[in-house]
Amino acid sequence: DDLVRDYASWIDFREEGYGVDRRHPQLHYIPEDALADLREQTIRWTRNGRPQSIPLLPGRIYMAPSGYKIRMEKHPSAPSWRLIGTTGEGVFCHKPCTVSGGGKSEISKSLWDYMQYGPIFVADFEEDIKQVQEIFQRDYTDRWRPEILAEQSYATYPSRPILSPKRSLGSVIKLLTPSDDYRDEYNTWLNSIPKRILSLAFLIKRFHKPEWGDNWLEHFAVDLVNGDPGNELKLHDRKLVGFYLRVGFHGDRGWRLFKVRQDFAPAAKVQTEDDISSSVTAPARFVEHAPEGHPVDAYKFVINCEYRLFQRPDEAIHRGFDRQAEADLARSDVNFISNFEPLTRADVAEMMEKVVDFDAFTPPMKKLLRSVKKGESGYVVCSSNPRQVDGRPSKNPRYLQDRPDMTNPLDRYVAEMGTRLFRAIPAEKPVPLPVGAVIAGRRNNPPDPERGIRSLAVYSPIHYQELPELFMDYVASLTGKSPSTTGAGSEGALTKGPFNALRPAADLNAALVAMILTGHAGFSTAAGHVGPRQRFDHDLSLLVPEIWCRMTPEERRPEFLIENGMLERVEDIHRGGERIPAGRLGYRITQRFVLRFFGRVFDHPDKVFDESILRPETQDPQSFLDGVKYICEAHQRVARQYFEDGTIEELCPPLRGLVTIMARGDYEGRTEHDPEIRRLFTRQALLESEWYERRLRTARDREESLLRRLEGYINHYPEERLRTDPALGATIAARRQFVAERLAEFSASRSLDEFSGTIGAQPTW
């Protein structure tokens, strides 16, 4: 309460003991001890020994002094309501250096639009419940391998019953998912249980209340249909509905659907960037109220440079699937639309005759099409109908979407307020929101011999690369075949080649310094294909932020993941006397990673990615080898251009050595595996290097030069204007004083300490 009262200047506190935000009345501030009773739709707490309450209403957000947010939402496909809780501190997922088709937009799209819903089925209620009962009553103390039992000291603690309040749903999912830590006999028993039975056990755990005890069965039932037990499970008087998420495709048309946990709710997202962003790297000592986590030398801040986002709604071709795209395209005001087929009134009438297919659209799109049929409009575009090009639908439909954070500022405001309260930032201070995770996107394609396109689908769903391997990829910026492009290949350093007037060395040097100072780990996700036979499109780009926001800062550290066997190194391959440098792929996630973190989203995380997905070489070893060769050949081809145009001389020493290795195979007899090369990419080497000191000196000299230019400009400002405009005179006087003081500081000290921790400036080498 005391923390919230600090904001009394702009929050209207009432006698009931809670605050209503004047800027956004939908946002209510409540005491930390407030409790929500969903049955009575009431939030209750005690103030000065007296009970207090306010109504719990849909459309409102309730925020505690810790920044924790609560909202009540109706299930999108069931007659039930539930409370959604969101933490005060989120994670800023940044997707730099992402090639065309790599999923820049998808990282910020809400997963709500891509969820599928369906009833919870039981095959035979009595038999299924009997098997669930056996699962609940089993003794699980024998599941661990002896070495794991000794290492983790699990023998010290008794195994908690599945329905115990002390065991979470996530713990139950982990308990009932096969693992290398479990005995073979136990894993065999788990694999013998039908997945529908396990899902039923998870569902009962989700809804179980402590007061039920072991009498949970009386709360679940099925209806009688034609005198026989039905198959749709009910909790009391309502049918239960499950959530399903697509993660890739099965064959040409089939989807790989996986049931998400019954307590899952998609992350609340605020889009902060799309194609064009501006960033700054600020020394940590200048950043007040920074997020908690591992200490760093600097923070990276990013701001969107665009008002409208050039969206390509790939999934909108499936009616009702991309709800946001359908709502945007159905707007009645001005729209900019490209590569959609102009439909006539006759076309719309024909579409509406197929009632079932037409009903799959969301209400905004149906309303638009109905209005065209009744009105006099000549043409209309529909989200599921891209323009026909040579008799085939274009794969590159586009439209300009107004930035969601500007059209609906409440989401961003709520996120910032939650962070402000979580970090206890005073009202008059800004809320710093630095980048928390770097997750670039790749576009992978299978081989297409007829069109001369080689495989780029050698990456697993998530990779981590240390800086030498990461910057090899950043230099080449390879993209597979994408709807955004006419071919495949390099898009230029950091993917900015076609759009950037700066020389590549300036950007590469700055990017490397920023990565070292901020300590960001270079992760990447796959779009398109994983291996030549597994197609995912943008499903992974949508899913990975859901995983990342459910990981702690410690769990996001690659050192932690490697130490715990959740990342495995891809080793070089030796074949017939030839070394194929597959090690440039870095590290990739393992089944341990999937079991631990995907279990926070799915009922059966072990089924989401099998061996053929986690290790793409198992799909087609020859295709994998050729893909790695193609990447290395592209590295060599791009790097040689740096020698031909002289760019190599402008690169900082670590990148100069790396590009030389890419072009010629070694640098002064060393490869990227040599400890001396890898040391060049460390924080200690950076801070001790002469080239970084030169960048700082260049930045200092340029700022001093700028100040002297400003001083000359201010001193030559027309005195007559200053005399006739007192306000302008005061402004110029203040600026003159500021410049004078800064120049005095420069004259008094030639130290570079003030600039240490910045990226400096590109010198003229």
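For clarity, every value in this text was computed on a predicted model and none was experimentally measured.

**Considerations on the sheet that holds strand E16 (residues 238-239)**
At step 1: Spatial strand order, E12-E15-E16: three strands in an open sheet with antiparallel pairing. Both edges of this open sheet fall to strand E12 (220-221) and E16, since each of them pairs with a single strand only.
At step 2: The pairing of E12 with strand E15 (residues 234-235) spans two bridges and is antiparallel. Residue pairing in the sheet places Ala221 in a bridge with Lys234 of E15.

**Brief notes about the pattern of salt bridges**
At step 1: Per the stated rule, a full pass over the model turns up 55 salt bridges.
At step 2: Residue Arg423 is joined to Glu89 by a salt bridge in which the shortest nitrogen-to-oxygen separation is 2.8 Å. Taken together, the residues span a long stretch of sequence, with Arg423 in helix H12 (residues 409-423) and Glu89 in the loop between strand E9 (81-86) and strand E10 (93-94) at a distance of 334 residues.
At step 3: The class for Glu89 is partly exposed, based on a relative accessible area of 21%.

**Regarding the environment of Glu288**
At step 1: In this fold, Glu288 is placed in the loop between strand E19 (277-283) and strand E20 (298-304).
At step 2: The class of Glu288 is partly exposed, set by a relative accessible area of 48%.
At step 3: Excluding anything up to four places from it in sequence, Glu288 contacts Lys429 and Pro432.
At step 4: A distance of 3.5 Å separates polar atoms of two side chains, one belonging to Glu288 and the other to Lys429.

**Quick notes on unusual backbone geometry**
At step 1: At Asn48, a position not held by glycine, the phi torsion is positive, near 55 degrees.
At step 2: Among the structural elements, Asn48 can be located in the loop between strand E5 (42-47) and strand E6 (50-55).
At step 3: Since its relative accessible area comes to 73%, Asn48 is described here as exposed.
At step 4: Its identity as a non-glycine residue notwithstanding, His289 has a phi of 60 degrees, on the positive side.
At step 5: By the secondary structure assignment, His289 is in the loop between E19 and E20.

**Topic: the side chain of Ser384**
At step 1: Looking at the element boundaries, Ser384 is found in the loop between helix H10 (363-374) and strand E23 (388-389).
At step 2: Engagement of the side chain of Ser384 in a polar contact is seen with the side chain of Arg319, the distance being 3.5 Å.
At step 3: Look past the residues within four positions of Ser384 in its chain and what remains in contact with it is Ala316, Ile317, Arg319 and Phe361.

**Examining helix H6 (residues 195-207)**
At step 1: Its 13 residues place the ends of H6 19 Å apart at the C-alpha level, agreeing with the 18 Å of an ideal helix rising 1.5 Å per residue.
At step 2: Of all 13 residues in H6, ten are buried, a share of seventy percent or more.
At step 3: Those residues of H6 lying buried are Ile197, Leu198, Ser199, Leu200, Ala201, Phe202, Leu203, Ile204, Lys205 and Phe207.

**A short note on the packing of aromatic side chains**
At step 1: Tallied over the entire structure, the rule returns 24 aromatic pairs.
At step 2: Here the aromatic rings of Phe471 and Tyr474 are separated by 5.2 Å at their centres, their planes lie at 65 degrees, and the arrangement is edge-to-face. Separated by three residues within a single helix, Phe471 and Tyr474 lie in helix H13 (residues 467-476), roughly one turn from each other. By the burial criterion, Phe471 is buried, and Tyr474 matches it.

**Focus: the state of the cysteines**
At step 1: Here the structure, examined in full by the defined rule, presents zero disulfides.
At step 2: The structure places no disulfide on Cys93, whose sulfur is separated from the nearest cysteine sulfur, that of Cys549, by 7.4 Å.
At step 3: In this structure Cys93 comes out as buried when scored by relative accessible area, which is 17%.

**Section: the side chain of Asp322**
At step 1: Along the polypeptide, Asp322 turns up in the loop between strand E21 (308-311) and helix H7 (323-329).
At step 2: On the accessibility criterion, Asp322 (3% relative accessible area) is buried.
At step 3: A polar side-chain atom of Asp322 sits 3.1 Å from the main-chain amide nitrogen of Ala325.
At step 4: Each residue touching Asp322, except ones within four places of it in the same chain, is listed here: Lys109, Tyr114, Pro313, Glu315 and Ala316.

**Comments concerning the pairing of E21**
At step 1: Where burial is concerned, the two faces of E21 differ: the one with Leu309 and Gln311 is buried and the one with Arg308 and Phe310 is not.
At step 2: Direction of pairing for E21 relative to strand E25 (residues 398-402): antiparallel, over a ladder of four bridges. Residue pairing for E25: Gln311 is matched across the bridge by Tyr399.

**As for the sheet that holds strand E17 (residues 241-250)**
At step 1: Strand order in this open sheet of three strands is E11-E17-E18, and the pairing throughout is antiparallel. Because the sheet does not close on itself, it has two edges, and the strands there are strand E11 (115-119) and strand E18 (254-259). Strand-to-strand, the axes of this sheet are offset by a mean angle of 45 degrees, without reference to chain direction.
At step 2: Pairing analysis gives five bridges linking E11 to E17, with the strands arranged antiparallel. Across the sheet, the residue bridging to Gln116 is Tyr244, located in E17.

**Overview of the nonpolar core**
At step 1: Grouped together as the largest cluster of nonpolar side chains are 71 residues, with contacts concentrated most on Phe471, Leu508 and Leu655.
At step 2: A per-element tally of this core places helix H19 (residues 621-644) first, with ten residues.
At step 3: Among all residues touching Leu508, those that are not within four sequence positions of it are Phe471, Val475, Ala493, Leu494, Tyr642, Leu651 and Leu655.
At step 4: Counting 47 residues, the second largest nonpolar core, distinct from the first, contains Leu245, Ala437, Phe523 and Phe609.

**Concerning the environment of Val241**
At step 1: Along the chain, the position of Val241 falls in strand E17.
At step 2: Taking the C-alpha atoms as reference, Val241 lies 37 Å from Arg387; in sequence the two are 146 residues apart.
At step 3: Among residues more than four places away in sequence, those in contact with Val241 are His75, Ser77, Ala78, Tyr117, Gly118, Pro119, Ile120 and Gln262.

**Here's the deal with the confidence of the model for the protein chain**
At step 1: Considering every residue of the protein chain, the mean pLDDT works out to 89; 95% of them sit at 70 or more.
At step 2: When the criterion is pLDDT under 50, residues 1-5 qualifies, and its contacts beyond four places in sequence or with other chains add up to ten contacts.

Rules of the game
Residues numbered from 1 in each chain as written. Predicted model: local features only at pLDDT ≥ 70, side-chain atom pairs only at ≥ 80, totals over all residues. Heavy atoms only, no water. Pairing = 2+ DSSP bridges. Helix = DSSP H or I, 4+ residues; strand = E, 2+ residues; numbered from the N terminus. Salt bridge = Lys/Arg side-chain N within 4 Å of Asp/Glu carboxyl O. Buried < 20%, exposed > 50% of the residue type's maximum accessible area, 1.4 Å probe, protein only. Contact = heavy atoms within 4.5 Å. Polar contact = N/O pair within 3.5 Å; in protein donor to acceptor, adjacent residues only side chain to side chain. Expected span 1.5 Å × (residues − 1). Phe/Tyr/Trp six-rings, centres within 6.5 Å; stacked < 30°, edge-to-face > 60°. Disulfide = S-S within 2.5 Å. Axes fitted to C-alpha atoms, helices over the stretch in contact; angles between N-to-C directions. Core = buried A, V, L, I, M, F, W, Y, C linked by side-chain atoms within 4.5 Å. pLDDT = per-residue confidence, 0-100.

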